[in-house]
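Topology and contacts: notes
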Amino acid sequence: MLEQAQTTAINTKASLVERQQAIELLGYSDFGTVQRVLSTLLDAHQSQDIQMSAVRTLSSFTSVKVAGILLARWKSYTPSLRNEVIEALVARKERLPVL
């Protein structure tokens, strides 16, 4: 099920709703397993809705790597996506040192 969610999340032919649901489902997986997929979904070529979903799902993980992933594409983010990333960063104390 989670493997299928990864496939759907990156499938640009799937509907927005299907992709968002798949991205949300990835939050129940192991971070190491979905890290690459979620990072890919932050790319500027993805819709803002997909990027937002990826940020929210990444935010649900406690890994210290999340902060670096969220900040890696900072320059390409829209203002509203930057706000979402900032909220994700300050939501957990282990992410604060990168700020």
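The structure reproduced in this document is the subject of the present report. (Residues numbered from 1 in each chain as written. Predicted model: local features only at pLDDT ≥ 70, side-chain atom pairs only at ≥ 80, totals over all residues. Heavy atoms only, no water.)

1. Some points on the overall build of the protein
In terms of helices and strands, the protein carries six helices and zero strands. Written out in order from the N terminus, the α and β elements of the protein read α-α-α-α-α-α. Relative to the compact-globule value of 13 Å for 99 residues, the protein shows a C-alpha radius of gyration of 13 Å, a close match. The contacts of the protein with a sequence gap of at least 6 include a subset with a gap of at least 24, amounting to 56%. Total accessible area on the protein stands at roughly 5,800 Å², and carbon and sulfur atoms take up 52% of it. The centroid of the 11 positive side-chain charges in the protein is displaced by 7 Å from the centroid of its 9 negative side-chain charges. (Helix = DSSP H or I, 4+ residues; strand = E, 2+ residues; numbered from the N terminus. Rg over C-alpha atoms; globule rule 2.2 N^0.38 Å. Contact = heavy atoms within 4.5 Å. Areas by Shrake-Rupley, 256 points an atom, 1.4 Å probe, with all protein chains shown as cover. Lys, Arg positive; Asp, Glu negative; His and termini not counted. Charge placed at Lys NZ, Arg CZ, Asp CG, Glu CD.)

2. Details of the packing of aromatic side chains
Scanning the entire structure with this criterion turns up two aromatic pairs. Relative to Y77, the ring of W74 has its centre 6.2 Å away and its plane inclined at 75°; by these criteria the two rings are edge-to-face. By relative accessible area, W74 is classed as partly exposed at 27%. (Phe/Tyr/Trp six-rings, centres within 6.5 Å; stacked < 30°, edge-to-face > 60°. Buried < 20%, exposed > 50% of the residue type's maximum accessible area, 1.4 Å probe, protein only.)

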